[in-house]
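Descriptive analysis of the structure
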Amino acid sequence: MSRNRPLVALVVTSTIVFAAGCTSDKPPAATGQSASASAAPAATGAGTGEQSKFFVQADFDAQLAMRTKTPQGDASRPWEQAIDPQMVSTAKYKKDGGVHLCFSNAAVNNPWRQVGWKSMQAEVALHKEITKFTALDAEGKDDKQISDIAELQGQGCDALIVSPNTTATLTPAVKAACGKVPVIVFDRGVDTDCPVTFINPIGGYAFGADGAEFLVEKVPAGGKVLALRILPGVDVLETRWSAAKATFDKSQVQVVGVEFTDGDAAKTKSVVSDYIQRHGKIDGVWMDAGATAVAAVEAFEDAGQPVPAMVGEDQQDFLQKWKDGGLTAIAPTYPTYQWRTPVIAALKILAGEEVPKTWKLPQPKITSDTLDTYLRPNMPPLHYALCGCEEMPGFPENWGGKKS
Amino acid sequence: MKRTLPILVVLAVLLAAIALVNPFFLEPAGFLAFVKRAAPLVILAAGQYFVIVSGEFDLSVGSLVTVEVVVAARLIDGQESATWWVLLLLIAVGLLVGLLNGVVTTALRVPSFITTLGMMLILSGAVFLWTGGAPRGALSEAFRTFGRGNLGPVPWSVLILLAAGAAAILLMRSDFGRRLVATGDNERAAALSGVRVARTRILAFVLSGAAAAITGILLGGFAGVSAQVGQGLEFSAITAVVLGGVALGGGRGSVVAAMAGALTLEALFTLLNLYGISGALEFTVQGVIIIAAVAVGALRLPAWLAKHPPRKQGDTHVA
């Protein structure tokens, strides 16, 4: 027994040493890359690491091409527009009379889903023919959503909207529902083509590339870019980063770090402060989601440095900061107006009208030219500007805004 | 002081390791930035220390921090004039939650693990219900000064940390401190020698609640409104206290060591970050620390190491 104490102490110390030790092969590699980059400026962007396992070249190319295509439909109603639609017949679903619409929602646990959910409810309220709207919230749990979908099948729904929590796990549940009722899937997808239509904006590659291309344009050759990611292993976030990586690798900018922030503002601010300290100057910040963009901006302000080129998102707090500070910035978006589309699609299907099999919505980016159109100081800081909800009844109060 | 020494050594080693990678750390501004970042956790750990040394746990502090920040943003809503009364209200909320934890634990005899776990769920559920996942409103500039601004070259949060740390040390040197440790060491003996055990423990929970309120004010000031601000902080605080050599179950350890434990934990996170290790590993590191530190604490000192005979009743090793 008496020998145990030093032993345990040794374990503790060695753990700490190990924690430091196992990483020691990383920094030299990083410095080696940056050294070679500065020695040979023609080298490809350094420091971005391995390409993500989630990267699919064909999808990447398709999404990047989609960005320049003109969507069909009324440009003032982007939630009704579609890019390259392949229409399918829905005549077999046609029905008369009132509609009972059902919705299995993955979660309402973040501001993005909150804004979307409000917009969907407002869209339902616009249509008198929807006599009943049943929505179940899976609270971010796959098992609850599977039983939600099963439960909704027994409730006499005329159409079922599903926003899946995860792709693979929810696929069998959606397949089972397809046999009984027309299914509309939006946001994240499922591994089956049995839904009548799958609705979402262009996607993560376009989102990631929009931000990265802006930085490549604004940051001088050899300039230092810091990339901030929320967490690894989530497909929608992996596609954003892999597109940015592909863009940076072709450019002259030097990626000095790729860090995970857990989407936490305090951590983001700490990480950015560390990089400012270590490198003296950072010329651009890329982010895979804009929720902590303001914290990143503040890190530069607090360090007494000019704010470099920034990639954010369409949340009001960032747009406000952008406007107030005259930032060099861009905001790629994953528009919340996509929550309106499934309701419209359901009514089209039940009226026997054609809908696109894959309903790709436009995915605009906010630039300094369009900033004023999207900035609404009367809306709460975490409101997403691309809600497409400005003309809806109950705006802005139902979305947490103040009448101005 | 003897019990404080090991953690101070570990802290010094880690700080040296950081300075090696990042020389800016040695400049006053660089070091102050580190202390500023660590201040919320250090204060929270001091609060947690009071509860742990009295033989209890407080798992509710993380969600209490979130509540404080979200409530502050909603009530201030960007108006500078609202800052001061909201600050007072936040402190009051912290005290009240602590009081509830303490009364339920002592009067109703619910184990504090359950009381504060329940409180954690109640608070996080209430925040979610109230905000729907998206906090509203905004903090005022005056409010944010405490976590973000400086007085001359020194960040406000460092000054607040010094004041809170001094207060904690004085408290532990007072009669209250002795009663608190005696309660954690041997509840029955303490009661027999005239300590009002229940009242002492309630006060410990109240102090923890107050610490959580201050932490919330500093964190909200540092980085702004977020519904995730307090996530996992209760475990960071407990890890920090345990890392400082404070015995789970109570009765042993000093508040200085607990605060040094928090600084050490923050230094370790900073180091991991400097080496580019993903944040996911932070939990792993905390888990290893908790288990290892408790394992070390549970072992008996061998005779040749322990120059002094086993600790006497009331020998508190305070500060």
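Everything numeric in this text was worked out from a predicted model, so none of it was measured. (Residues numbered from 1 in each chain as written. Chains lettered and ligands numbered in written order. Predicted model: local features only at pLDDT ≥ 70, side-chain atom pairs only at ≥ 80, totals over all residues. Heavy atoms only, no water.)

1. Here we look at the overall build of chain A
Helix and strand content of chain A: 13 helices and 14 strands. Looking at the 404 residues of chain A, the share that counts as buried comes to 55%. Long-range pairs, those at least 24 residues apart, make up 71% of the contacts in chain A with a sequence separation of at least 6. Surface exposure of chain A reaches about 16500 Å², of which carbon and sulfur atoms provide 55%. (Helix = DSSP H or I, 4+ residues; strand = E, 2+ residues; numbered from the N terminus. Buried < 20%, exposed > 50% of the residue type's maximum accessible area, 1.4 Å probe, protein only. Contact = heavy atoms within 4.5 Å. Areas by Shrake-Rupley, 256 points an atom, 1.4 Å probe, with all protein chains shown as cover.)

2. Things to note about the overall build of chain B
Secondary structure assignment for chain B yields 13 helices and two strands. Rg of the C-alpha trace for chain B: 19 Å, near the compact-globule value of 20 Å for 319 residues, within the 12% margin. Here chain B holds 319 residues, and 54% of them are scored as buried. Across chain B, contacts joining residues at least 24 apart in sequence account for 80% of those joining residues at least 6 apart. Carbon and sulfur atoms make up 70% of the accessible area of chain B, which amounts to about 13400 Å² in all. Both charge centroids of chain B, one from 21 positive and one from 14 negative side chains, sit 10 Å from each other. (Rg over C-alpha atoms; globule rule 2.2 N^0.38 Å. Lys, Arg positive; Asp, Glu negative; His and termini not counted. Charge placed at Lys NZ, Arg CZ, Asp CG, Glu CD.)

3. A short note on the pattern of salt bridges
This model, assessed by the stated rule, comprises 32 salt bridges over all chains. Each of A:K269, A:E298, A:E301, A:D302, A:K321, B:R144 and B:R148 takes part in a single network of salt bridges with overlapping partners. (Salt bridge = Lys/Arg side-chain N within 4 Å of Asp/Glu carboxyl O.)

4. What to know about the nonpolar core
If you look at the biggest cluster of nonpolar residues, it comprises 87 residues, and the most contacted ones within it are B:Y49, B:F50 and B:F143. A per-element tally of this core places helix α2 (residues 28-53) of chain B first, with 15 residues. In contact with B:F143, other than residues within four places in its own chain, are B:A72, B:I76, B:T83, B:L87, B:L90, B:I217 and B:G221. With 68 residues, the next largest nonpolar core counts A:M120, A:I184, A:L319 and A:A345 among its residues. (Core = buried A, V, L, I, M, F, W, Y, C linked by side-chain atoms within 4.5 Å.)

5. A closer look at the sheet that holds strand β8 (residues 254-260) of chain A
Residue and element names in this part refer to chain A. Taken in spatial order, the six strands of this open sheet run β8-β7-β9-β10-β11-β14, and their pairing is mixed. A single partner strand is all that each edge strand has here, and the edge strands are β8 and β14 (365-366). Of the strand pairs in this sheet, strand β7 (residues 224-229) and strand β9 (residues 284-287) are connected by four bridges, and their pairing is parallel. Considered in β9, the bridge of L226 is made with V285. Each of β10 (309-311), β11 (329-332) and β14 is contacted by helix α11 (residues 316-325), which is oriented at about 160 degrees to β11, the strand it contacts most. (Pairing = 2+ DSSP bridges. Axes fitted to C-alpha atoms, helices over the stretch in contact; angles between N-to-C directions.)

6. Comments concerning helix α8 (residues 235-249) of chain A
Its 15 residues give α8(A) an end-to-end C-alpha distance of 21 Å, which sits within 8% of 21 Å, the value for a rise of 1.5 Å per residue. Across the 15 residues that make up α8(A), a large majority, 13, are buried. (Expected span 1.5 Å × (residues − 1).)

7. Brief notes about the confidence of the model for chain A
Of all residues in chain A, 88% attain a pLDDT of 70 or more, and the chain-wide mean is 86. Here residues 1-45 of chain A is a poorly scored stretch, pLDDT under 50, and it has 40 contacts once near neighbours within four places are set aside; other chains count. (pLDDT = per-residue confidence, 0-100.)

8. Observations regarding the packing of α2(B) against helix α7 (residues 156-173) of chain B
All names here are of chain B. Close contact between α2 and α7 brings their axes to 9 Å; oriented N to C, the two are set at 30 degrees. As far as their axial angle goes, α7 and α2 are roughly parallel. Where α2 crosses over α7, the handedness of that crossing is left-handed. Residue-level contacts link L32, V35, K36, A39, V42, I43, Y49 and F50 of α2 to S157, V158, I160, L161, A164, A168, L171 and M172 of α7. When the residues that make up the contact of α2 with α7 are grouped by side-chain class, the tally is 14 nonpolar, one polar and one charged. (Parallel < 35°, antiparallel > 145°, perpendicular 65-115°, else oblique. Left-handed = near helix turned anticlockwise from the far one by under 90°. Nonpolar A, V, L, I, M, F, W, Y, C, P; charged D, E, K, R; others polar.)

9. Observations concerning empty space enclosed by the protein
Over the atoms a probe the size of a water molecule is rolled, and this reveals where empty space is left. A full pass over the atoms with the stated rule returns two cavities of 30 Å³ or more. Residue lining of the largest cavity: A:D274, A:Q277, B:N22, B:F25, B:G30, B:A33, B:F34, B:R37, B:T270 and B:L274, and that is the complete set. Among the elements of the structure, α9 (265-279) of chain A together with α2 and α12 (255-274) of chain B are those that each provide at least two residues to the lining of the largest cavity. Counting residues per element, the lining of the largest cavity draws most heavily on α2(B), which supplies four residues. (1 Å grid on protein atoms, 1.4 Å probe; cavity = no way out; pocket = protein on both sides within 12 Å on 5 of 7 lines; lining within 4 Å. Points joined across faces, edges and corners; volume = space filled by probe spheres on them.)

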